[in-house]
Amino acid sequence: MTLNRRHFLAGTAALTGTALVRPAFAAGDAIKLGSILDTSGIFDAYGKPMDMAARLAVKEINAAGGLLGREVELIAYDTQSDMALYTQYGQQLTRQDKVDVVHGGILSASREAIRQTMRKTKTPYFYNVLYEGGVCDRNIFINGVTPAQQVEALVPHAMKNSGPKVYILAADYNYGQITARWIQKYVADNGGEVIATDFFPLDVSDFGATIAKIQTEAPDLVFAPLVGGAHLSFFRQWAASGMKDKIPLASTTLGLGNEQKVLTAEEGDGIMIAFTYSRELDTPANVDFKKRWAAEYGDDSAIHEPAVTNYQGIMTWAEAVRQAGSVDRDALTEAMESGISIEGPAGKLTVDPKTHHAVLDVHLMRIENQQMTVLETLPQRQPIDTQAVCDLEANPDDNTQYEIQL
């Protein structure tokens, strides 16, 4: 079932001035939406705009009359980038706050810290961030890109603009480890060779020895699924070493948290990326979204992909509630599994019923002058990695994060 753009914009209610008109709602009858994000600490570059997006989405839903005639109340917790607090706040949202739905988590570790709590308490859970794929659980809906949507597109594009010999630098946890394997697969599929793969803990910020090693190995292309503020140091050190203009770079993560703005143009220009969103997308839905965001927050500079996918996740949930006529988990799940679709700032989002993942547009991009310039759009890419292992229609009780065999 498709939600067209007119319906979507009517549902979000365009901002006027600095505030939305707020209808009156019955007291004590709110629908409770729980949010758990890293809005402080080392991952706040991702979490703060995601929180802003959640607040904007809820405000727009309420300005349009709420859901089922009821106000949506946002109950949000900041984990301070501490994984242990995800477990604590997940339990608090479900057992004490008794929320109707939870949207949250940034790292895969944070998702897995709370996913089983949501499943046990039968609280629908939306994870709205790029990740490594493979989660198969009828209680969760995932709205970020997976490797088969992103890496499969980026690898041949990057190799075409560089060469067949690839060196991989990846974050040393499940996202980086699994994404590195997908890069290895698609490099081989496209006739290339991975000559080395190095992993780095999230707190590593000195890449001098690694850069020297890369210089010795002399690859045609460096692929960098690195994560977080410490790993941003690599891109600075790479440019300072004089290597940026000698060996091309591609990344599955740079730009997710607006890192292209933190790097100077000299440090970032030319890096190849692929995501489902860029602020530079020149579409009516994105232009309108940026105007509404700027009206609420003063400017649109904080917008990035995780913020947009979080916003779209909440709007997809809201449309499912409207279609279901209920916030009950079973009714909501059936509505989500109907093939529900929205047109959001990133383009069309359609829920794949068998995996509860999103079918998304993916944009091949290059960083230019601190912007993510769109070179080509690949429409409605399927999460074929997770589809290879997950079929919730056939196995609705599945509860596994599969390590997909490559």
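The model shown is predicted, which means the values in this text are computed figures rather than measured ones. (Residues numbered from 1 in each chain as written. Predicted model: local features only at pLDDT ≥ 70, side-chain atom pairs only at ≥ 80, totals over all residues. Heavy atoms only, no water.)

1. A closer look at the overall build of the protein chain
Stage number 1. Within the protein chain, the secondary structure is distributed over 14 helices and 16 strands.
Stage number 2. Relative to a compact globule of 406 residues, whose C-alpha radius of gyration would be 22 Å, the protein chain shows 21 Å and is just as compact.
Stage number 3. Each of the three principal axes of the protein chain carries a C-alpha extent, and together these read 70 × 50 × 35 Å.
Stage number 4. When the 406 residues of the protein chain are sorted by exposure, 57% land in the buried category.
Stage number 5. Of the roughly 14,900 Å² that the protein chain leaves accessible, carbon and sulfur atoms contribute 47%. (Helix = DSSP H or I, 4+ residues; strand = E, 2+ residues; numbered from the N terminus. Rg over C-alpha atoms; globule rule 2.2 N^0.38 Å. Buried < 20%, exposed > 50% of the residue type's maximum accessible area, 1.4 Å probe, protein only. Areas by Shrake-Rupley, 256 points an atom, 1.4 Å probe, with all protein chains shown as cover.)

2. A closer look at the packing of helix α2 (residues 44-63) against helix α12 (residues 305-324)
To describe two helices that pack against each other, one gives the angle between their axes and the distance between the axes.
Stage number 1. For the pair α2 and α12, the least separation of the axes is 8 Å and the interaxial angle reads 30 degrees. Classified by the interaxial angle, the pair formed by α2 and α12 is roughly parallel. Here α2 runs over α12; the crossing is right-handed. Each of Tyr46, Pro49, Met50, Ala53, Ala54, Leu56, Ala57, Glu60 and Ile61 in α2 lies in contact with α12, whose residues at this interface are Pro306, Ala307, Asn310, Tyr311, Ile314, Met315 and Ala318.
Stage number 2. Residue composition of the contact of α2 with α12, grouped by class: 14 nonpolar, one polar and one charged. (Axes fitted to C-alpha atoms, helices over the stretch in contact; angles between N-to-C directions. Parallel < 35°, antiparallel > 145°, perpendicular 65-115°, else oblique. Left-handed = near helix turned anticlockwise from the far one by under 90°. Contact = heavy atoms within 4.5 Å. Nonpolar A, V, L, I, M, F, W, Y, C, P; charged D, E, K, R; others polar.)

3. A look at the UniProt feature "domain: Leucine-binding protein" (unreviewed entry) in the protein chain
Stage number 1. UniProt records the feature "domain: Leucine-binding protein" (unreviewed entry) at residues 31-369, using the numbering of this structure.
Stage number 2. For the annotated span residues 31-369, helix accounts for 44% and strand for 22% of the residues, and the straight-line distance between the end C-alpha atoms is 43 Å. (UniProt positions renumbered as here; feature names shortened; annotations may be inferred.)

4. Focus on the packing of helix α7 (residues 208-217) against helix α8 (residues 228-240)
Stage number 1. Between α7 and α8, the least distance of the axes is 10 Å, while the angle of their chain directions is 55 degrees. When the axes of α7 and α8 are compared, the pair comes out oblique. The element α7 and its partner α8 pack so that their crossing is right-handed. Contacts between α7 and α8 involve Gly208, Ile211 and Ile214 from the former and Phe234, Gln237 and Trp238 from the latter.
Stage number 2. Among the residues making up the contact of α7 with α8, the classes are represented as four nonpolar, two polar and no charged.

5. Some remarks on unusual backbone geometry
Stage number 1. The phi angle at His356 is positive, at roughly 65 degrees, despite the residue not being glycine.
Stage number 2. Within the element layout of this structure, His356 appears in the loop between β13 (347-352) and β14 (357-368).
Stage number 3. In this structure His356 comes out as buried when scored by relative accessible area, which is 1%.

6. Observations concerning the packing of aromatic side chains
Stage number 1. Counted under the stated rule, the structure contains twelve aromatic pairs.
Stage number 2. Among the aromatic residues, those joined into a cluster by ring pairs are Phe200, Phe207, Phe234, Phe235 and Trp238.
Stage number 3. Note that Arg111 overlies the ring of Tyr127, its terminal NZ or CZ placed 4.9 Å from the centroid. (Phe/Tyr/Trp six-rings, centres within 6.5 Å; stacked < 30°, edge-to-face > 60°. Lys NZ or Arg CZ within 6 Å of the ring centre and 35° of its normal.)

7. Regarding the state of the cysteines
Stage number 1. All told, the structure shown has one disulfide when counted by the stated rule.
Stage number 2. Across a sulfur-sulfur distance of 2.1 Å, Cys136 and Cys390 are joined as a disulfide pair. Handedness of the Cys136-Cys390 disulfide follows from its S-S torsion of about 75 degrees: it is right-handed. Within this pair, whereas Cys136 is found in strand β5 (residues 135-137), its partner Cys390 is found in the loop between α14 (384-387) and β16 (399-401), the two being separated by 254 residues in sequence. (Disulfide = S-S within 2.5 Å.)

8. So, the pairing of strand β11 (residues 272-275)
Stage number 1. Where burial is concerned, the two faces of β11 agree: the one with Met272 and Ala274 and the one with Ile273 and Phe275 are both buried.
Stage number 2. Sheet topology note: the β11/β14 ladder contains four bridges and is antiparallel. Residue pairing in the sheet places Ala274 in a bridge with Leu364 of β14. (Pairing = 2+ DSSP bridges.)

9. Examining the side chain of Asp97
Stage number 1. Within the element layout of this structure, Asp97 appears in the loop between α3 (83-96) and β3 (101-104).
Stage number 2. The residues touching Asp97, leaving out its near neighbours within four places in the chain, are Lys32, Ile75, Tyr77 and Gln92.

10. Remarks on empty space enclosed by the protein
Stage number 1. Across all of its chains, the model carries four cavities of 30 Å³ or more by this definition.
Stage number 2. The calculated volume of the largest cavity comes to roughly 160 Å³.
Stage number 3. When grouped by side-chain class, the residues that make up the lining of the largest cavity number twelve nonpolar, two polar and one charged.
Stage number 4. In this structure, the second largest cavity encloses a volume near 70 Å³.
Stage number 5. Lining the second largest cavity are Tyr46, Leu226, Val227, Gly228, His231, Leu232, Phe235, Thr253, Leu254 and Glu259.
Stage number 6. For the lining of the second largest cavity, the element with the most residues is α8, which contributes four residues. (1 Å grid on protein atoms, 1.4 Å probe; cavity = no way out; pocket = protein on both sides within 12 Å on 5 of 7 lines; lining within 4 Å. Points joined across faces, edges and corners; volume = space filled by probe spheres on them.)

11. Quick notes on the nonpolar core
The nonpolar side chains of soluble globular proteins are, as a tendency, buried together.
Stage number 1. Membership of the largest hydrophobic core comes to 120 residues, with the highest contact counts inside it found for Val222, Phe223, Phe234, Phe235, Trp238 and Trp317.
Stage number 2. When residues of this core are assigned to their parent elements, the largest contribution, nine residues, is made by α12.
Stage number 3. When near neighbours in sequence (up to four residues on either side) are disregarded, Phe223 contacts Leu154, Val155, Ala158, Val166, Tyr167, Ile168, Leu169, Ile183, Ala250 and Thr252. (Core = buried A, V, L, I, M, F, W, Y, C linked by side-chain atoms within 4.5 Å.)

12. Examining the environment of Gly257
Stage number 1. As for its position among the elements, Gly257 is in the loop between β10 (249-250) and α9 (259-262).
Stage number 2. In this structure, Gly257 is in contact with Ala45, Tyr46 and His304, ignoring residues within four places of it in sequence.

13. What to know about the pattern of salt bridges
Stage number 1. Within the structure shown, the criterion is met by 21 salt bridges.
Stage number 2. The salt bridge partner of Arg111 is Glu132, with a shortest N-O separation of 3.3 Å. Of this pair, Arg111 sits in helix α4 (residues 108-120) while Glu132 sits in the loop between β4 (125-127) and β5; the two residues are 21 residues apart in sequence, bridging distant segments of the chain.
Stage number 3. Three or more residues are tied together by salt bridges with common partners; here these are Arg111, Glu112, Arg115, Arg119, Glu132 and Asp137. (Salt bridge = Lys/Arg side-chain N within 4 Å of Asp/Glu carboxyl O.)

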